[in-house]
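Chain and residue survey
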Amino acid sequence: MTLTLKDWQARAAALKPDTRLFIDGTFVDAAKGGKFETVNPATGEVVAELARGTAEDVDRAVASARKAFKSGVWSRMAPSDRMSVMRRFADLIEAHAEDFALLDTLDMGKPISDMLNIDIPGSLMTIRFFAETIDKMEGVVTSTKADALHYILRQPLGVCGIVVPWNYPLMMAAWKLAPALSCGNSVVLKPAEQSPLSALLLARLFCEAGGPAGVFNVVTGFGEETGKPLALHMDVDKIGFTGSGEVGKLMMVYAGQSNMKRVTTECGGKSPQIVLADCDDLEKAATFGVAGIYGNQGEVCSAGSRILVERKVYDEYVALFTEAAKGMHVPGNPLDPATTMGPLVTPEQQARVLGYIEKGKAEGAKLAFGGGVPAGFNAGCYVEPTLFTDVSNKMTIAQEEIFGPVASIIPVDDLDHAIATANDTIYGLASAIWTSNLKSAHRFAQEIEAGIVWVNAYEAGDATTPWGGFKQSGNGRDKCLEALTQYTQTKSVWIELS
Ligand code: NAD
């Protein structure tokens, strides 16, 4: 049955999620009894009041995670049994797809159709991919002298703190939980304060799937009050972080100030899409350009926010982009299945994005369309899809991550100029080139300073494709087999036989 706007609204009105912390397999109040609210950015209405975790709660969650880890109830569970739990976990998430869709849409405003078509399938694919790896991870026997046996064991790290942002609440959590749990670690998840509800349902379902108590804990609350004590904790072995560069750097500082825990970071971006004059389908390039910046309201780490177009096709590309943008991402009620663009996450984020638009104008970029709050949407945190043309790469809008629906089109002379401009940023997450010349594509792939390269595509990928950045976009790789190495450590075992 396809749900209508009315159905979703009725479900939203009836929503009664458990909003306490999830520690040791059960819902509990915060030690200090504090609360905070999440607010629907489409309406300004309170969605729920949640437990406001503090250092005491982090201590409880870490202790429970450590106890579970040491007991071996999960970390030494037979791989085939752990696989069964992870598979059941995925099946339960799928069975609750509509609940997850509703929770994230109400919390952070993304279109409910995006939840059903992108976030939930993306989360399931990743959990199922890592579940499959559990009994396929192998150690190694190395070639040493004949009267010795040396082997390398790959073991879980212990307790992993996972700190995630609000732009894909369920999917960002799933990308990290899936390898962490599959490898046998225990986890304390700290969701973003703007979007904490889906994390709590996730933890409950893990236990329903047969996951032992204490293996997956959730502490909701604010960054300084919960994320910081988690990252500073002496008994946490690793922080898997996705979020801003500013907080990513703090995570590394906290690790240095505490127990040198491992830190992987997935941070922001200012990702370039290069369009060369020899691109044989400029219309497709323009359509992907539009989707690459306005999808998820532009609140995407890999948003293709800088579009570098060779001068020979510059005017034609701008015209095609403008045309393609007209019907693709239209602001609406995110609970309406027909809506393709929701509000930004908070009034602060809306003000920040509008501030960048003012800066773009002040620094001399040409506002081609958008630039304000769409008519009739004053109650929510909406910003229109916005395009600046004639942007210089030195402008603030071309250098700083806006994290909103604001595209900059920058003219470039040729491939050399395009690559130099593309690399002229502190970030290095994603990148793309649109060309029919194989040599140009390959040269770009070699020379671009970015963790992800698309040729004649944007935002393509699956669970096998590494996700992570160069430079200040971070050092981790989500999805892909490499993630397994980030949630395990090796042990060298030498048996002297002489
Ligand atoms: P943020 O850095 O403000 O917050 C991320 C998380 O860190 C939240 O849970 C927050 O509560 C917590 N936090 C904040 N301050 C903290 C502190 N002092 N100590 C410990 N924890 C703290 O980021 P955000 O605004 O939630 O998300 C947007 C950012 O996330 C953007 O920069 C975006 O590019 C990035 N992001 C990156 C990826 C990727 O894969 N590279 C994916 C999604 C989002």
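Below you will find a few notes about this structure. Computed from a predicted model, the values in this text were never measured in an experiment.

Let's shift gears to the overall build of the protein. The helix and strand tally for the protein stands at 16 helices and 19 strands. Rg of the C-alpha trace for the protein: 23 Å, near the compact-globule value of 23 Å for 498 residues, within the 12% margin. Taken over the C-alpha atoms alone, the protein extends approximately 70 × 60 × 45 Å along its principal axes. Taking all 498 residues of the protein together, the buried fraction comes to 58%. Sequence-distant contacts in the protein: of pairs separated by 6 or more residues, those separated by 24 or more amount to 75%. Taken as a whole, the protein presents about 19200 Å² of accessible surface, with 54% of it coming from carbon and sulfur. Taking the average place of the 45 positive charges on the side chains of the protein and the average place of its 59 negative ones, the gap between the two points comes to 6 Å.

The next point concerns the environment of Leu202. Its place among the elements puts Leu202 in helix α7 (residues 197–208). The spacing of Leu202 and Met234 is 32 residues in sequence and 26 Å in space, taken between C-alpha atoms. If sequence neighbours within four positions are ignored, Leu202 has contacts with Phe89, Ile93, Phe100, Leu170, Ala173, Leu177 and Phe216.

Below, the discussion takes up the pattern of salt bridges. Under the defined criterion, the tally for this structure stands at 26 salt bridges. Residues Arg87 and Glu132 are paired through a salt bridge, measuring 2.7 Å at the closest nitrogen-oxygen approach. One end of the pair, Arg87, is in helix α3 (residues 79–95); the other, Glu132, is in helix α5 (residues 112–133), and 45 residues separate them in sequence. Arg87 gets classed as partly exposed once you look at its relative accessible area, which sits at 37%. Residue classification places Glu132 among the partly exposed residues on the basis of a relative accessible area of 33%.

Next up on the list: helix α8 (residues 223–232). All of the buried residues in α8 are Thr226, Gly227, Pro229, Leu230 and Ala231. Buried residues belonging to α8 abut α2 (55–71), β7 (159–163), β8 (186–190), β10 (238–242) and α9 (245–257).

Neighbouring strands of a sheet are bound in pairs by backbone hydrogen bonds; such pairs are parallel or else antiparallel. Here 7 strands make up an open sheet; going across it, the order is β14-β15-β16-β13-β12-β17-β18 and the pairing mixed. Sheet topology places β14 (366–369) and β18 (452–455) at the edges, where each strand pairs with a single neighbour. Recorded for the sheet is a direction-independent mean angle of 20° between the axes of neighbouring strands. Note: strand β15 (residues 386–389) against strand β16 (residues 406–412), 3 bridges, orientation parallel. Residue pairing for β16: Phe388 is matched across the bridge by Ser408. Along the sheet, helix α12 (residues 347–362) contacts β14, β15 and β16; its crossing angle with β15, the most-contacted strand, is approximately 25°.

What counts and how
- Residues numbered from 1 in each chain as written.
- Predicted model: local features only at pLDDT ≥ 70, side-chain atom pairs only at ≥ 80, totals over all residues.
- Heavy atoms only, no water.
- Helix = DSSP H or I, 4+ residues; strand = E, 2+ residues; numbered from the N terminus.
- Rg over C-alpha atoms; globule rule 2.2 N^0.38 Å.
- Buried < 20%, exposed > 50% of the residue type's maximum accessible area, 1.4 Å probe, protein only.
- Contact = heavy atoms within 4.5 Å.
- Areas by Shrake-Rupley, 256 points an atom, 1.4 Å probe, with all protein chains shown as cover.
- Lys, Arg positive; Asp, Glu negative; His and termini not counted.
- Charge placed at Lys NZ, Arg CZ, Asp CG, Glu CD.
- Salt bridge = Lys/Arg side-chain N within 4 Å of Asp/Glu carboxyl O.
- Pairing = 2+ DSSP bridges.
- Axes fitted to C-alpha atoms, helices over the stretch in contact; angles between N-to-C directions.

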